[in-house]
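Survey of secondary and tertiary structure
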2 protein chains.
Amino acid sequence: MMGAEVLVSAWVDAGMWNERRTSPSTPGVSSPGRGAPCRHPCSLPGAASAHPSLFLLARVINSGKSQHNEDQACCEVVLVQQRPGQRGNPAAGEPEGGRKGLCFHYWGLFDGHAGSGAAIMASKLLHRHVCEQLRDLVHVLRDPAPAPICLQSDARALAEPSRAPLAEQDAEPLNDALPRFHLEKAVSHESLVIGAIENAFKQMDDQIEREQATRHVAGGCCALVAVYLLGKFYVANAGDSRYGGAGQGSPLPARRRGIPARPRPCRRAGFLRPELLGNEFTHLEFPRRIQHKELGKKMLYRDQSMNGWAYKKIEEDDLKFPLIYGEGKKARVMATIGVTRGLGDHDLKVYSSNIHIKPFLSCYPEVRVYDLTQYEHCPDDVLVLGTDGLWDVTNDKEVAEVVMDVLMGYEPNDPCRYTVVAQELVVRSRGVLKERGWRLANDKLGSGDDISVFVIPLGGPGNYT
Amino acid sequence: MMGAEVLVSAWVDAGMWNERRTSPSTPGVSSPGRGAPCRHPCSLPGAASAHPSLFLLARVINSGKSQHNEDQACCEVVLVQQRPGQRGNPAAGEPEGGRKGLCFHYWGLFDGHAGSGAAIMASKLLHRHVCEQLRDLVHVLRDPAPAPICLQSDARALAEPSRAPLAEQDAEPLNDALPRFHLEKAVSHESLVIGAIENAFKQMDDQIEREQATRHVAGGCCALVAVYLLGKFYVANAGDSRYGGAGQGSPLPARRRGIPARPRPCRRAGFLRPELLGNEFTHLEFPRRIQHKELGKKMLYRDQSMNGWAYKKIEEDDLKFPLIYGEGKKARVMATIGVTRGLGDHDLKVYSSNIHIKPFLSCYPEVRVYDLTQYEHCPDDVLVLGTDGLWDVTNDKEVAEVVMDVLMGYEPNDPCRYTVVAQELVVRSRGVLKERGWRLANDKLGSGDDISVFVIPLGGPGNYT
């Protein structure tokens with residue numbers, strides 16, 4: 001239906017996890033590998049059977065926060081098949097019209113909120129939307145020439161045989177008009193993959209909306225996705241999960257903080273469309289809540305266009321609740337949700353009101369590219385994807401230390417080593433149950449959240465070839 | 001009226017320049033110094049008489065592009081007096097209520113378009129708006145403590161004697177409520193100055209709007225402003241003028257490109273308020289203009305939320321003209337204006353239509369801070385501000401070479417040396433009139449635009465003390 005042909009389903013059906021509910025006192029840490037049940041038919045081609053992603057995820061269910069683990073995960077190798085009728089340059093010996101494909105490796109973490117419905121849907125379907133978006137690009141990405149501005153399609157000519165004159169125009173080169181030539185933008189292959197991933201998130205979000213309208217798919221989710229395609233990692237992040245590189249190689253992908261807030265676009269939307277604020281919120285920013293008795297005083301503020309701060313005389317309108325309130329992890333949009341990017345949440349409203357929050361959220365991820373072909377990597381270099389349950393209690397340095405400690409204990413070609421790293425990261429972030437709750441080695445509070453971690457090797461034998 | 005008390009008017013009335021119209025064949029290069037006529041009463045305090053900014057600007061009128069030079073400039077030392085009735089911590093020996101002041105040094109370049117009205121107004125008034133915005137901050141900036149969230153004012157208590165209960169509440173500390181204390185944002189002094197400059201631009205823009213409504217003040221202008229206050233340079237840029245550091249010291253302020261386009265906020269405004277596009281423009285971006293015959297084809301595009309590119313099937317709506325079209329210097333908003341930041345342009349409409357362009361422009365500058373106290377500078381280190389007439393034909397390296405060449409020929413304490421640098425930069429960017437027009441030393445075309453350059457010394461004797 002979506003053109004996705006799953007070659008390797010390296011990961012269990014996300015729904016499985018909800019059945020493995022463990023009590024708060026015995027959080028279940030699991031890391032299924034080859035033996036895990038597969039939902040999709042598996043067909044392991046030669047090289048992919050040694051795929052390093054088979055052993056690398058560990059997760060733990062939250063310590064009593066909710067009935068279900070709201071984290072979901074997905075790991076796949078997906079074959080993208082060229083759309084039928086798409087014109088490409090046939091490779092030598094390949095018959096015209098022969099369908100060609102591209103493979104991508106895919107890892108996704110989905111941290112649900114207000115229910116696991118959106119997270120489960122996204123974990124099962126987002127890679128298919130990525131695949132669908134890439135189908136137009138199969139022949140473009142295989143061709144070293146710059147991306148054509150206009151796709152040439154056999155399908156259209158076939159579908160509209162009555163428009164012969166247009167079909168004739170099709171035959172002439174489309175980019176030949178000299179006067180406008182210098183105004184054409186060159187679009188890189190990388191930009192096309194970024195655009196495909198961005199649109200896949202949008203399509204996924206639209207699909208969740210349709211499901212939420214017809215049956216109960218609750219809540220929303222943050223999504224952190226890594227796509228490996230043609231030598232490059234594309235890491236797409238919508239929400240407060242994070243990723244970073246660890247190991248000995250250099251340079252590794254820099255740790256990317258979660259992006260819980262896009263305060264500027266949020267406030268600008270409130271400024272441009274004040275009707276969306278429902279007369280309850282103000283798009284202005286203040287360093288703290290204004291009290292009614294402060295009416296008429298001069299207080300610090302800034303508006304949607306300012307980077308600095310200034311004093312303004314407080315008016316009645318300024319007493320409304322701030323559109324975004326709080327700092328860092330505690331920041332909330334409309335006093336309701338702690339992230340401004342993510343999937344789902346279409347029906348989310350401000351408590352006891354009819355004000356929708358979705359117009360202030362973005363389903364588009366921030367996509368960063370890491371070109372694996374530019375650097376030499378050793379088997380100890382990894383990309384770590386983690387939900388906020390990991391990063392809230394374990395910092396970059398501690399993650400790097402765990403990676404090095406664990407990997408040193410295994411042979412470089414032992415694929416289990418990455419799974420053990422992931423397990424170790426999860427176990428350390430959960431901590432040990434003591435009298436005063438779950439405690440880390442340093443006696444600080446462990447994470448009470450769901451924790452999911454992917455450890456993805458960047459170098460070494462059998463690596464994505 | 002605005003609390004500005006101009007101590008040193010180091011620069012001639014901007015209006016003077018329009019009278020010095022020179023013919024295209026003999027462009028007038030001028031650099032008035034101490035002898036230049038002053039519009040404001042001058043009172044040179046001790047140190048300021050050796051102020052290095054007295055000799056540093058050179059300008060040339062465009063080679064026939066327009067009747068008047070649309071570039072305007074301003075250079076002032078401004079005393080900011082505390083607002084009467086503002087509560088501050090009186091300095092030792094200073095009587096309570098004694099008015100205190102702060103000095104700032106100010107340089108402004110204003111590159112007008114569609115008339116010089118807005119540029120002339122801004123050159124005469126923007127520094128006064130900066131002064132006005134800083135008046136609330138005099139005692140705050142002099143106090144090393146963090147900025148108070150709420151300004152305590154004697155004036156209000158005096159003005160509202162009938163509201164005794166409130167006055168009583170005033171007496172209690174405002175930030176004492178413990179539960180919310182951790183939510184208070186700390187606002188730095190630097191942020192306050194940035195906010196003051198941002199709001200000064202906004203006030204200036206509002207004033208131009210009022211003038212444009214009542215009498216003819218034509219066009220708009222780009223504004224590039226440097227403010228030196230309490231050891232730091234604040235460089236505020238709204239438009240396509242640019243600045244950069246040159247000399248031997250390190251690190252010098254990095255060259256800041258002009259910011260002709262804010263495509264993302266522009267397109268987002270078009271997306272959120274499509275009625276502003278007047279059914280004539282599309283907020284979508286295409287790599288080139290779409291032709292009618294391409295209807296139904298799949299072509300590259302991106303929308304307001306995407307960083308990457310994708311293909312979409314062209315629909316009727318996509319044939320509308322792009323909200324932003326073209327690249328770099330050639331980019332235009334609504335096919336009309338080449339900058340998206342600046343002052344004025346309130347009455348600007350799309351040609352032969354009723355579509356206003358101002359909603360897509362921003363009057364707020366981008367403000368960068370350069371802390372002079374962090375580094376040691378020698379007399380050869382300068383900050384160069386220039387309108388696009390300079391940077392369009394002279395690159396960073398060439399500017400740095402001119403700076404070094406000229407300064408080497410003068411004693412380090414000769415204040416003329418900076419003026420000669422500015423003159424030399426202007427002369428070289430204009431070039432020499434040959435048969436095939438104005439030509440640079442490398443035989444490339446010289447700038448046909450107005451050219452204005454400030455060369456501001458960062459180190460050396462008599463420096464801002």
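All values reported here derive from a predicted model rather than from experimental measurement. (Residues numbered from 1 in each chain as written. Chains lettered and ligands numbered in written order. Predicted model: local features only at pLDDT ≥ 70, side-chain atom pairs only at ≥ 80, totals over all residues. Heavy atoms only, no water.)

Turning our eyes to something else, we now look at the overall build of chain A. Across its full length, chain A holds 11 helices and 21 strands. For chain A, the proportion of its 465 residues judged to be buried stands at 57%. Counting contacts in chain A only where the partners sit at least 6 residues apart, residues at least 24 apart contribute 72% of the total. In the structure as shown, chain A presents an accessible area of about 19,300 Å², 53% of it carried by carbon and sulfur atoms. (Helix = DSSP H or I, 4+ residues; strand = E, 2+ residues; numbered from the N terminus. Buried < 20%, exposed > 50% of the residue type's maximum accessible area, 1.4 Å probe, protein only. Contact = heavy atoms within 4.5 Å. Areas by Shrake-Rupley, 256 points an atom, 1.4 Å probe, with all protein chains shown as cover.)

For the pair chain B and chain A, the superposition axis carries a translation of 0.0 Å, the fit reaches an RMSD of 0.0 Å, and the rotation angle comes to 180°. Look at the turn and shift together and you get a two-fold axis relating the two. The overlap is high: 98% of the interface residues of chain B also sit at the interface in chain A, so the same surface is used on both sides. (Least-squares fit on C-alpha atoms with pLDDT ≥ 70 in both.)

Once that is clear, we can look at unusual backbone geometry. A negative phi angle is the norm for most residues apart from glycine, just as the trans form is the norm for most peptide bonds. Residues and elements named next belong to chain A. In this structure, Met 334 takes a positive phi of about 50° despite not being glycine. Among the secondary structure elements, Met 334 is positioned in the loop between β15 (332–333) and β16 (343–344). A positive phi angle, near 65°, is found at Asp 345, a position not held by glycine.

This brings us to the interface of chain B and chain A. Each side of the interface is counted separately: chain B has 59 residues, and chain A has 59 residues. Between chain B and chain A the total buried area reaches about 5,500 Å² when both faces are included, carbon and sulfur atoms providing 57% of it. Where chain B packs against chain A, one counts 4 salt bridges. Among the salt bridges present, the one from Lys 185 of chain A reaches Glu 285 of chain B, with a minimum N-O distance of 2.3 Å. Among the secondary structure elements, those contributing two or more residues to the side of chain B that touches chain A are β6 (150–151), α5 (164–171), α7 (189–214), α8 (263–272), β11 (298–301) and β12 (310–313) of chain B. By residue number, the principal contributor to the side of chain B that touches chain A is α7 of chain B, which donates 7 residues. (Buried area = accessible area lost by both parts, 1.4 Å probe. Salt bridge = Lys/Arg side-chain N within 4 Å of Asp/Glu carboxyl O.)

A few words now on the sheet that holds β6 of chain B. Read across the sheet, 3 strands follow the order β12(A)-β11(A)-β6(B) without closing on themselves; strand pairing throughout is antiparallel. At either end of the open sheet lies a strand with only one pairing partner, and these are β12 (310–313) of chain A together with β6 of chain B. As judged from the 4 bridges shared by strand β11 (residues 298–301) of chain A and β12 of chain A, these two strands associate in the antiparallel manner. In the strand pairing of β12 of chain A, Leu 300 of chain A is matched with Tyr 311 of chain A. (Pairing = 2+ DSSP bridges.)

It is worth spelling out the packing of helix α10 (residues 396–408) of chain A against helix α11 (residues 416–430) of chain A at this point. All names here are of chain A. The N-to-C vectors of α10 and α11 enclose an angle of 135°; their axes lie 9 Å apart at closest approach. When the axis of α10 is compared with that of α11, the two are oblique. Considering only the axes of α10 and α11, their crossing is right-handed. In contact with Val 399, Val 402, Val 403, Asp 405, Val 406 and Leu 407 of α10, α11 contributes Arg 417, Tyr 418, Val 420, Val 421, Glu 424, Leu 425 and Arg 428. Each residue belonging to the contact of α10 with α11 can be placed in one class, and the counts come to 9 nonpolar, no polar and 4 charged. (Axes fitted to C-alpha atoms, helices over the stretch in contact; angles between N-to-C directions. Parallel < 35°, antiparallel > 145°, perpendicular 65-115°, else oblique. Left-handed = near helix turned anticlockwise from the far one by under 90°. Nonpolar A, V, L, I, M, F, W, Y, C, P; charged D, E, K, R; others polar.)

It is worth spelling out the layout of surface pockets at this point. For the second largest pocket, the calculated volume is near 910 Å³. Along its surface, the second largest pocket is lined by 38 residues, and Leu 361 and Tyr 364 of chain A together with Phe 271, Gln 304 and Ser 305 of chain B are the ones closest to its centre. Listed by contribution, the elements that provide at least two residues to the lining of the second largest pocket are α7 (189–214) and α8 (263–272) of chain A together with α8 of chain B. Of the residues that constitute the lining of the second largest pocket, the class distribution is 15 nonpolar, 8 polar and 15 charged. (1 Å grid on protein atoms, 1.4 Å probe; cavity = no way out; pocket = protein on both sides within 12 Å on 5 of 7 lines; lining within 4 Å. Points joined across faces, edges and corners; volume = space filled by probe spheres on them.)

Attention shifts here to the side chain of Ser 429 of chain B. Residue and element names in this part refer to chain B. Along the polypeptide, Ser 429 turns up in helix α11 (residues 416–430). Within the structure, the side chain of Ser 429 is placed 2.7 Å from the side chain of Thr 394, a separation counted as a polar contact. Each residue touching Ser 429, except ones within four places of it in the same chain, is listed here: Gly 389, Leu 390, Val 393, Thr 394, Leu 440, Gly 446, Ser 447 and Ile 451. (Polar contact = N/O pair within 3.5 Å; in protein donor to acceptor, adjacent residues only side chain to side chain.)

Examined against the element boundaries, Leu 137 of chain B turns out to sit in the loop between α2 (117–134) and α3 (138–142). Spatially, the C-alpha atoms of Leu 137 of chain B and His 216 of chain B are 35 Å apart, while their sequence positions differ by 79 residues. Residues contacting Leu 137 of chain B, with those up to four places away along its chain left out, are Tyr 311 of chain A together with Leu 192 and Ala 196 of chain B.

Taken in spatial order, the 3 strands of this open sheet run β6(A)-β11(B)-β12(B), and their pairing is antiparallel. Both outer strands of the open sheet, β6 (150–151) of chain A together with β12 of chain B, are each paired with one neighbouring strand and no more.

The next thing to look at is the pattern of salt bridges. As enumerated under the stated definition, the model contains 38 salt bridges over all chains in all. Note that Arg 135 of chain A is salt-bridged to Glu 132 of chain A, the shortest N-O span being 4.0 Å. Relative accessible area serves as the criterion here: at 9%, Arg 135 of chain A is assigned to the buried category. Salt bridges sharing partners connect three or more residues here, namely Arg 83, Glu 132, Arg 135 and Asp 136 of chain A together with Lys 298 of chain B.

Our focus in this paragraph is the environment of Trp 309 of chain A. You can see Trp 309 of chain A is positioned in the loop between β11 and β12. A C-alpha to C-alpha distance of 9.4 Å links Trp 309 of chain A and Pro 287 of chain A, two positions 22 residues apart in sequence. Those residues within four positions of Trp 309 of chain A in sequence are excluded, and the remaining contacts are Glu 285, Phe 286, Pro 287, Leu 300, Tyr 301 and Arg 302 of chain A together with Lys 185, Val 187, Ser 191, Leu 192, Gly 195 and Ala 196 of chain B.

Moving on: the packing of aromatic side chains. What the rule picks out here adds up to 12 aromatic pairs over all chains. Centroid distance Phe 104 of chain B to Tyr 106 of chain B: 6.4 Å. Interplanar angle 70°. Geometry classified as edge-to-face. An aromatic cluster is present here, built from Trp 107, Tyr 228 and Phe 233 of chain A joined pairwise through their rings. Here the guanidinium or amino end of Arg 430 of chain A rests over the ring plane of Trp 438 of chain A, the centre of that ring lying 5.3 Å away. (Phe/Tyr/Trp six-rings, centres within 6.5 Å; stacked < 30°, edge-to-face > 60°. Lys NZ or Arg CZ within 6 Å of the ring centre and 35° of its normal.)

On to the pairing of strand β4 (residues 71–81) of chain B, then. It is a general feature of regular strands that their side chains alternate between the two faces of the sheet. Residue and element names in this part refer to chain B. Burial analysis of β4 places 10 of its 11 residues in the buried class, which makes it a mostly covered element. Here β4 pairs with strand β5 (residues 101–113) via 11 bridges, running antiparallel. Paired with Glu 76 across the strands is Tyr 106, a residue of β5.

Bringing the side chain of His 113 of chain A into the picture now. All names here are of chain A. For His 113, the position within the fold is in strand β5 (residues 101–113). Residue His 113 is classed as buried on the basis of its relative accessible area of 19%. Of the polar contacts made by the side chain of His 113, one reaches the side chain of Asp 345; its length is 2.7 Å. Leave out the neighbours within four places in its chain, and His 113 touches Glu 70, Gly 219, Gly 220, Cys 221, Cys 222, Ile 337, Val 339 and Asp 345.

Our next topic: α10 of chain A. Residues and elements named next belong to chain A. Taking 1.5 Å as the rise per residue, α10 with 13 residues should run 18 Å; its terminal C-alpha atoms sit 18 Å apart, in good agreement. Taken together, the buried positions of α10 are Val 399, Val 402, Val 403, Met 404, Val 406 and Leu 407. Of the surrounding elements, those touching the buried residues of α10 are β9 (242–246), β18 (382–386), α9 (388–391) and α11. Sitting at the amino-terminal end of α10 is Asn 395, which places a side-chain oxygen 3.1 Å from the backbone nitrogen of Lys 397. (Expected span 1.5 Å × (residues − 1).)

All names here are of chain B. Looking at the secondary structure, you find Val 227 in strand β7 (residues 220–229). Between the C-alpha atom of Val 227 and that of Val 369, which follows or precedes it by 142 residues, the distance is 9.5 Å. Excluding its chain neighbours within four sequence positions, the residues that come into contact with Val 227 are Phe 104, His 105, Tyr 106, Ile 197, Lys 232, Phe 233 and Tyr 234.

Low pLDDT marks stretches whose predicted atomic positions should not be read closely. Residues and elements named next belong to chain A. Averaged over every residue, the pLDDT of chain A is 77; residues scoring 70 or more account for 72%. Counting interchain partners and residues more than four positions distant, the pLDDT-below-50 stretch residues 89–98 has 8 contacts. Low pLDDT, under 50, characterises residues 155–182; the predicted model gives this stretch 23 contacts beyond four residues in sequence or across chains. Interface confidence in the predicted complex, given as ipTM, is 0.79; pTM for the same model is 0.80. (pLDDT = per-residue confidence, 0-100.)

Below, the discussion takes up α8 of chain B. Since one α-helical turn is 3.6 residues long, residues separated by three or four positions face the same way. By the criterion of burial, α8 of chain B is predominantly enclosed, with 7 of the 10 residues buried. Listed as buried for α8 of chain B are Pro 265, Cys 266, Arg 267, Arg 268, Ala 269, Gly 270 and Leu 272 of chain B. Where α8 of chain B is buried, its residues touch α8 of chain A together with β14 (324–325) of chain B.

With that settled, consider the state of the cysteines. Residue and element names in this part refer to chain A. Overall, the coordinates contain 0 disulfides over all chains when judged by the stated rule. As a non-bridged cysteine, Cys 74 has Cys 75 as the owner of its nearest cysteine sulfur, 7.1 Å distant. Cys 74 gets classed as buried once you look at its relative accessible area, which sits at 4%. (Disulfide = S-S within 2.5 Å.)

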